[in-house]
Amino acid sequence: MKPGPAFLLGYCSSVLASYAFYVGKSLTQDGGVLVGGTGEEVSSHWLQLFPAKNHTTNETVTVGVTDKASIPGELIRIPQVNHTFRYLSMEYSDYEGFPAPLTNGGLNEKGVAVRDVWATNRDELVHMTPTPQHGLQYSDLARLILERCSTARQGVELIRDLIKKHGESTYGGNTHLIADKDEGWIVWEFAGGKGLWAAERLNETSVRVLYPGYIEDFPVNYAKSSDYMGSDNLVSFAVEQGWWSPKSGEPFNIFKVFGPQGPDHSARDGGFKYMSQAALENATLAMAPVSEADLMERVRDYRISDDEAGYGQVVSLRGGVHPDMLRIWVAPTGSVAAPFIPWWLGGNSIPPEFGEHRYLTTGSSSSFLSPDYELQEASIFAGRVFKRVLYYMCSAPSILLPVVTDMLQAFEKESASDMKWVETGAKILIEKGERGTASNLMTYYSHTRANRALELGNTMINALDGYFKLKGIWKAPEGNEINDRGDGAETVNCLVGFDPDRPAGKQPGRSWRRSRIGFQKLL
């Protein structure tokens, strides 16, 4: 194998994104661990329920990346386990050189939630990554945790074992947030092909926001701690490279040692959105005790939720809940413009409108439809419906953002008010041995709310369309391409009167630009 060539990596491109929230159970309203976030890819997103499954002896799983990845690789096959758990995930259709379908994570029947979040590394690690690289990539790890793990700690141990045995394929560094009813873990996997990784436990009083993911001060004797884990070579490799010395008197800080270097980089203030990780953590902590509705508010905050947000998720992980009644709230596209809908692990289907469609799917514009998908494509796609709401709303955000937000929150409040009777009824049915009937009840309710959400979306679209045309403020696009945004330029958002470079009280009427770190060429 040869050293990696020069790569063009986006430290803040929409293809290297996603964010996650973690709130410990001592800080939540219902005593459960709260997890939220979104995936940010220029891609089609759809909701999918994967059943538990038994596998045959010698069955394998294909993992890794192809030669089309930014750091080229080759796919490999690893052994499958005898049984995989049921889980629900928002799948997506494209990331360059990473075979679809992909996942940022979701929720499994054991009450384990996973979020995948980008976290770039120092240039030297990217340089030394061998090509073609081999091993599991971020989506592989998230999916296998959902399939195989009963606790968050097991998720960390699975990442450890898989990387040690099969290696890891990277685009430049990545983190995973893994959580259960008791705790959370941040796992940071580093580029370089050296099997480097570090993990930090989040306890019941922790609040953590990853955008990008980060870990800071880390004990050198982490092997003796129940709150930290890492690869055997984590410290020794840093010393060998001259990135840290035990004689320096400086703490062994994971971000400072392995993260991107330079004055523009800090662990809790990435500068990639208008709200830094620190600001988001403080805003979340200020809401304590935090409810599901509160975390939905944080996830859809218009300063971080924009056209890049492919969907939104919020889940409360509590003890004593039957696996079928584990519930996750999902917005079918960026939650700034779409309502959260409740889905249960005990449900038995997803409506076609929330399933896979050709919209934003790579290659769909150059091929005709397969007959197998004719009915699926005949159905309305929820993702596209609420993208239209986003585009209308963000064209006049000072007027329309408050109105749309009020409607979305009213829809969610209505859903939340139904949770007691739906879940009480399902619990009684399960206790009476009528698990199938309970599943039908929860499926019926989710489908009903999903259909009602689509009605709400279409109502908003019709009203917003009428508003723009009747007011005579319709604006045709400029340029000669249907999408002439350009790499690194601003995406559609609903920012109003907010400029990160100006102090509070001296904000302009509206700002469209964010502070971004652009694409870097690693030579």
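Owing to the predicted nature of the structure, the values given are computational and were not obtained by experimental measurement.

Scoring rules and cut-offs
- Residues numbered from 1 in each chain as written.
- Predicted model: local features only at pLDDT ≥ 70, side-chain atom pairs only at ≥ 80, totals over all residues.
- Heavy atoms only, no water.
- Helix = DSSP H or I, 4+ residues; strand = E, 2+ residues; numbered from the N terminus.
- Salt bridge = Lys/Arg side-chain N within 4 Å of Asp/Glu carboxyl O.
- Buried < 20%, exposed > 50% of the residue type's maximum accessible area, 1.4 Å probe, protein only.
- Axes fitted to C-alpha atoms, helices over the stretch in contact; angles between N-to-C directions.
- Parallel < 35°, antiparallel > 145°, perpendicular 65-115°, else oblique.
- Left-handed = near helix turned anticlockwise from the far one by under 90°.
- Contact = heavy atoms within 4.5 Å.
- Nonpolar A, V, L, I, M, F, W, Y, C, P; charged D, E, K, R; others polar.
- Pairing = 2+ DSSP bridges.
- Arc of directions from axis to C-beta.
- Disulfide = S-S within 2.5 Å.
- Core = buried A, V, L, I, M, F, W, Y, C linked by side-chain atoms within 4.5 Å.
- Expected span 1.5 Å × (residues − 1).
- Phe/Tyr/Trp six-rings, centres within 6.5 Å; stacked < 30°, edge-to-face > 60°.
- Lys NZ or Arg CZ within 6 Å of the ring centre and 35° of its normal.

A. Examining unusual backbone geometry more closely. Geometrically, the link from tyrosine 211 to proline 212 is a cis peptide bond, its omega value of 0° lying close to zero. Within the element layout of this structure, proline 212 appears in the loop between strand 17 (207–210) and strand 18 (228–230). Looking along the chain, the bond that leaves alanine 288 and enters proline 289 is cis, with omega of 0°. Backbone geometry at asparagine 58 places phi at a positive 75°, although glycine is not the residue there. Mapping asparagine 58 onto the fold places it in the loop between strand 6 (53–54) and strand 7 (60–63).

B. Representation of the pattern of salt bridges. If you walk through the whole model with that rule in mind, you get 22 salt bridges. Across the pair aspartate 182 and lysine 181 runs a salt bridge whose closest N-O atoms are separated by 2.9 Å. Residue class for aspartate 182 comes out partly exposed when judged on its relative accessible area of 32%. For aspartate 301, the salt bridge goes to arginine 298, with nearest N and O atoms at 2.8 Å. Here the two residues aspartate 301 and arginine 298 agree in accessibility, since each one is buried. Connected through shared salt-bridge partners, Arg153, Glu183, Arg201 and Asp227 make up one network.

C. Examining the packing of helix 2 (residues 138–148) against helix 3 (residues 152–166) more closely. Closest axis-to-axis distance for the helix 2/helix 3 pair is 10 Å, and the angle between their directions is 125°. When the axes of helix 2 and helix 3 are compared, the pair comes out oblique. Crossing geometry of helix 2 relative to helix 3 is assigned as right-handed. Residue-level contacts link Leu141, Leu144, Ile145 and Arg148 of helix 2 to Gln154, Gly155, Leu158, Ile159 and Leu162 of helix 3. Of the residues assigned to the contact of helix 2 with helix 3, the class counts are six nonpolar, two polar and one charged.

D. Inspection of the pairing of strand 14 (residues 174–179) at higher detail. Taken across its six residues, strand 14 has six buried, putting it largely inside the fold. Inspection of the sheet shows strand 12 (residues 113–118) paired to strand 14 by six bridges, in the antiparallel sense. Considered in strand 14, the bridge of tryptophan 118 is made with asparagine 174. Bridging between strand 14 and strand 15 (residues 184–189) involves six bridges; their strand directions are antiparallel. In the strand pairing of strand 15, alanine 179 is matched with glycine 184. From the end of strand 14 to the start of strand 15, which pair antiparallel, there are four residues.

E. A look at helix 4 (residues 234–241). Listed in full, the buried residues belonging to helix 4 are Leu234, Val235, Phe237 and Ala238. With its buried residues spanning 165° around the axis, helix 4 presents them on a single face. Those residues of helix 4 that are buried lie in contact with helix 1 (123–127), strand 16 (197–202), strand 18 and helix 5 (254–258). Glycine 242, located one to two residues past helix 4, shows a positive phi value of around 80°.

F. Seen up close, the state of the cysteines. According to the stated counting rule, one finds one disulfide in the structure shown. Shown here is the disulfide that connects cysteine 394 with cysteine 494, its sulfur atoms set 2.1 Å apart. Taking the torsion about the S-S bond as the criterion, the cysteine 394 to cysteine 494 disulfide, at about -100°, is left-handed. You can see cysteine 394 sitting in helix 9 (residues 382–395) and its partner cysteine 494 sitting in the loop between helix 11 (435–470) and strand 22 (519–522), a full 100 residues away along the chain. Comparing cysteine 394 with cysteine 494, the two get one shared label, buried.

G. Local environment of the side chain of threonine 361. Note on placement: threonine 361 falls in the loop between strand 21 (341–344) and helix 8 (374–378). What makes threonine 361 buried here is its relative accessible area of 19%. The residues touching threonine 361, leaving out its near neighbours within four places in the chain, are Ser44 and Ser93.

H. Spotlight on the nonpolar core. Core analysis: the largest hydrophobic core is formed by 119 residues, its most contacted members being Phe190, Leu234, Phe252, Ile254, Phe258, Trp343 and Met393. Non-local contacts of tryptophan 343, meaning those with residues more than four positions away in its chain, are made with Leu47, Leu88, Leu326, Arg327, Ile328, Val330, Ser349, Ile350, Pro351, Phe354, Ser446 and Ala450. Leu136, Cys149, Leu162 and Val187 belong to the second-largest nonpolar core, a separate cluster that totals 27 residues.

I. Summary view of helix 3. With 15 residues, helix 3 extends 21 Å between its outermost C-alpha atoms, agreeing within 8% with the 21 Å of an ideal straight helix rising 1.5 Å per residue. Taken residue by residue, helix 3 has Ala152, Gly155, Val156, Leu158, Ile159, Leu162, Ile163 and His166 as its buried positions. Looking down the long axis of helix 3, one finds its buried residues gathered within 160° of arc, a one-sided arrangement. For helix 3, the exposed residues set more than 90 degrees away from the buried face come down to Lys164 and Lys165. On the buried face of helix 3, the contacting elements are strand 8 (76–79), helix 2, strand 14, strand 15, strand 16 and strand 18. One or two positions beyond helix 3, positive phi appears at glycine 167, with a value near 85°.

J. View of the sheet that holds strand 3 (residues 19–23). Read across the open sheet, the six strands follow the order 17-3-4-19-20-21; overall the sheet is antiparallel. Since the sheet does not close on itself, it has two edges, and those belong to strand 17 and strand 21, each with one partner. The sheet shows a mean angle of 15° between the axes of neighbouring strands, direction not considered. Sheet topology note: the strand 4 (residues 33–38)/strand 19 (residues 312–317) ladder contains five bridges and is antiparallel. Across the sheet, residue glycine 36 finds its bridge partner in strand 19, namely valine 314. Taken strand by strand, helix 7 (residues 292–299) contacts strand 3, strand 4, strand 19 and strand 20 (327–331), and its axis lies near 150° from that of strand 19.

K. View of the packing of aromatic side chains. The tally for this structure, following the rule as stated, stands at 26 aromatic pairs. Here the aromatic rings of tyrosine 95 and phenylalanine 98 are separated by 4.7 Å at their centres, their planes lie at 40°, and the arrangement is tilted. Phenylalanine 98 shares its class with tyrosine 95; the two are buried. Chaining the aromatic ring pairs together yields one cluster made of Trp188, Phe190, Phe237, Trp243, Trp244, Phe252, Phe255 and Phe258. The ring centre of tryptophan 474 lies 5.2 Å from the NZ or CZ of lysine 469, which sits over that ring.

So yeah, pure geometry; function would need other evidence.
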